[in-house]
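Here's the letter readout for the chains.
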Amino acid sequence: MRKFDYNTVEEAAKQVYIKALTDLPPDVRGALKRAYERESQPPAREIFKAMFKAIEIADRKKTLVCQDTGLPIYMVKIGSDFPWNGAEIKKRLSKGASRATLEFPFRGSSTHILTRINPQDSVGRGLPVIYWDFVEGSDSLEMLMVPKGSGSENMSTMKMFIPADGKAALKKFVLDAFVASGSNPCPPGIIGVGIGGTADLVMRLAKEAIARPVGERSQQPLIAQMEQELEDAINATGIGPMGLGGDISTLAVHIEWAYTHITQNPVAVNTQCWPARRARAIIHPSGDIEYGF
Amino acid sequence: MATYHLETAFSEQAIRKLKIGDIVYFDGTLFGIRDLTQIYMFDQNHEPPVDMAGHPVIHTAPSLRKVGDKWEKICVGTTTSSRMDRFTPRLLEKCGVRAIIGKGGQYRQSLDAMGKFGAVYLAIVGGAASLETEQIQEVEEVFWEHLHPEALYKFKVKDFGPLTVAMDSHGGHRYFEVKAEAERRLPGIYEKLLA
Ligand code: SF4
């Protein structure tokens, strides 16, 4: 077998970051259009129109939709038949994110937690965030890239409830978190919810939830029902686009879940803004890269 | 809801006409400022080198590039205004600024100052930096360059908007109103959601 060229991983990591920032996924565009059609308040409708113009300009000029290029997150899935060296892939993801920032070029937002020094290339210790997963029966490497801006990420919250609090506590927590976040996360976006697992897993589930195509319902009927109930509840608040009032406060609520401990009942919320940015690359062993969302 | 197309500098009368929920577009001069610009101005007592009277300011840290001695825009977006709440009364009183443009709104002291001096808060559509950048025709001047990207910027803009009047000079505060309405609705929403 021909030796796999890891430059393709670096190239794909660079291109998906740029693609995510400049080209919104079709499902996000569709969800915004449908939201606009359902919105009855004139000032809120003006806000949607501005969003469509912003998307159109970014398409035409190949520029960033939002100036906050965020912190890079790569969700990587490696096929069981893919020839791979994990350490090399990790290095190349970081290199790709850094090159995207310097070569496009756009603002780098990563910074040292104490000195606050910004290397201006979006990476640094611990970054990019990488999630690793493995898929049986596939010979490719998939990377889903999500740039996460601070307005929405700063609204993240989680809580370890107890079983006696029941599922009502989980639902109330999500609704209250949304109301408290107000205009900060540039609504209407995706409300990502994690339930179950451990303290760290529950937030990761919420993060995976925002990376799902908008409105794709959970396969689990119990979860899907909870998604719908929360969506209706959040839209009933009237907080609306940009927190300025309106019928549409969220494009979708997505829930990801896991088993938890018999004494635990955890929930986490991670919000994504209206430019719900993400891009995907699939790398085949031949070195061919397919780009999508 | 009324829609206004204004030109800078704004007169006090034109600004006092605006009510929360109205939509504004404008042409003319827009000043860019951020946290550091205002710390430099107010906490460290540096007199602004330009007259901002009657003009709007926007909360931004623009991404620009300098070609020769001319600045060019790359991407100009808007940041959250709540962090800069404490500067607004002085911006209105000392500099004569008539509109603050940002995202998320500001608090009571800014609202009171808007009533007193005749100014408004205009909410931009956050995340729509591509649109904002397109509506900025030119970066006319950058004052206090050493503070870049938190210097003082003079932009020339055309059809800048849509901006929603979110705080007016009559005590109207759209975010407070929306929040109060949400709180009024919450008991009914809980009842349905938690049944
Ligand atoms: S919250 Fe999201 S859309 Fe709004 S400015 Fe931040 S990254 Fe951009």
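Residues numbered from 1 in each chain as written. Chains lettered and ligands numbered in written order. Predicted model: local features only at pLDDT ≥ 70, side-chain atom pairs only at ≥ 80, totals over all residues. Heavy atoms only, no water.

(A) Fine view of the sheet that holds strand β2 (residues 129-135) of chain A. Residues and elements named next belong to chain A. With mixed pairing, five strands are arranged side by side in an open sheet as β2-β1-β3-β8-β9. The outermost strands of the open sheet, each flanked by one partner alone, are β2 and β9 (289-292). Between one strand axis and the next, the sheet turns through 15° on average, direction left out of account. Where strand β8 (residues 279-283) lies against β9, four bridges are found, and the strand directions are antiparallel. Bridge pairing links R280 to G292 in β9. Together, β1 (71-79), β3 (141-148), β8 and β9 form the strand contacts of helix α1 (residues 7-22), whose direction differs from that of β3 by roughly 40°. Running at roughly 80° to β2, helix α7 (residues 199-210) makes contact with β1, β2 and β3 of the sheet. (Pairing = 2+ DSSP bridges. Helix = DSSP H or I, 4+ residues; strand = E, 2+ residues; numbered from the N terminus. Axes fitted to C-alpha atoms, helices over the stretch in contact; angles between N-to-C directions. Contact = heavy atoms within 4.5 Å.)

(B) Highlighting the domain arrangement of chain A. Residues and elements named next belong to chain A. According to the domain assignment, chain A consists of domain 1 (7-20 + 66-147 + 277-292) and domain 2 (150-272). Centre-to-centre, using C-alpha coordinates, domain 1 lies 26 Å away from domain 2. On the domain 2 side, the residues contacting the ten residues of domain 1 number eleven residues. Across the domain 1/domain 2 interface, buried area totals approximately 750 Å², and carbon plus sulfur atoms make up 55% of it. When residues of domain 1 are sorted by the area they lose upon contact with domain 2, M75, Y131 and R278 head the list and together hold 53% of the total. Counting every contact that joins domain 1 to domain 2 gives zero salt bridges. If you look at where domain 1 meets domain 2, you find one residue pair in polar contact (both at pLDDT 80 or more). At the level of secondary structure, the elements contributing two or more residues to the side of domain 1 that touches domain 2 comprise β1, β2 and β3. Considered class by class, the residues forming the side of domain 1 that touches domain 2 number seven nonpolar, no polar and three charged. (Domains from an automatic or database assignment. Buried area = accessible area lost by both parts, 1.4 Å probe. Salt bridge = Lys/Arg side-chain N within 4 Å of Asp/Glu carboxyl O. Polar contact = N/O pair within 3.5 Å; in protein donor to acceptor, adjacent residues only side chain to side chain. Nonpolar A, V, L, I, M, F, W, Y, C, P; charged D, E, K, R; others polar.)

(C) Highlighting the site of the ligand. With respect to spatial proximity, 14 residues lie near the ligand, and among them C66, C186, C273 and P275 of chain A together with G127 of chain B are the closest. The site occupied by the ligand is bordered by residues of chains A and B. Of the residues contributing to the shell around the ligand, the split by class is five nonpolar, six polar and three charged. Here the shell around the ligand gathers at least three residues from each of two domains, domain 1 (7-20 + 66-147 + 277-292) and domain 2 (150-272) of chain A. (Near = heavy atom within 4 Å.)

(D) Seen up close, the confidence of the model for chain B. Confidence along chain B averages 97 in pLDDT terms, with 100% of residues attaining 70 or more. ipTM for the predicted complex: 0.96, alongside a pTM of 0.96. (pLDDT = per-residue confidence, 0-100.)

(E) A look at the packing of helix α2 (residues 35-43) of chain B against helix α3 (residues 88-95) of chain B. Residue and element names in this part refer to chain B. Relative orientation of the contacting elements α2 and α3 amounts to 60°, with a least axis distance of 11 Å. In terms of their interaxial angle, α2 and α3 are classed as oblique. Considering the relative orientation of α2 and α3, their crossing is left-handed. Residues Q38, M41, F42 and D43 of α2 lie in contact with α3, whose contacting residues are R90, L91 and C95. Here the contact of α2 with α3 is composed, by residue class, of four nonpolar, one polar and two charged. (Parallel < 35°, antiparallel > 145°, perpendicular 65-115°, else oblique. Left-handed = near helix turned anticlockwise from the far one by under 90°.)

(F) Expanded view of the layout of surface pockets. All names here are of chain A. Considering only enclosed or pocket space, the second largest pocket measures out at about 450 Å³ in volume. Around the second largest pocket sit 19 residues that line it, and K167, I195, L222, I223 and M226 are the ones nearest its centre. Breaking the lining of the second largest pocket down by element, the ones donating at least two residues are α6 (166-181), β5 (189-197), α8 (221-236), β6 (250-260) and β7 (265-272). For the lining of the second largest pocket, the element with the most residues is α8, which contributes five residues. When its residues are assigned to classes, the lining of the second largest pocket shows ten nonpolar, six polar and three charged. (1 Å grid on protein atoms, 1.4 Å probe; cavity = no way out; pocket = protein on both sides within 12 Å on 5 of 7 lines; lining within 4 Å. Points joined across faces, edges and corners; volume = space filled by probe spheres on them.)

(G) Fine view of the interface of chain B and chain A. Listed by partner, the interface residues are 34 residues for chain B and 42 residues for chain A. Both faces considered, chain B and chain A share a buried interface measuring about 3,200 Å² in area, 65% of it formed by carbon and sulfur atoms. Run the count over chain B and chain A and you get two salt bridges. The salt bridge involving E134 of chain B is made with K61 of chain A; its shortest N-O contact spans 2.8 Å. Run the count over chain B and chain A and you get 13 residue pairs in polar contact (both at pLDDT 80 or more). For the side of chain B that touches chain A, the secondary-structure elements that each account for two or more residues are β2 (23-33), α5 (129-135), β9 (152-167) and α6 (174-193) of chain B. The dominant element in the side of chain B that touches chain A, judged by the number of residues it contributes, is α6 of chain B, at ten residues. The residue makeup of the side of chain B that touches chain A, split by class, is 20 nonpolar, nine polar and five charged.

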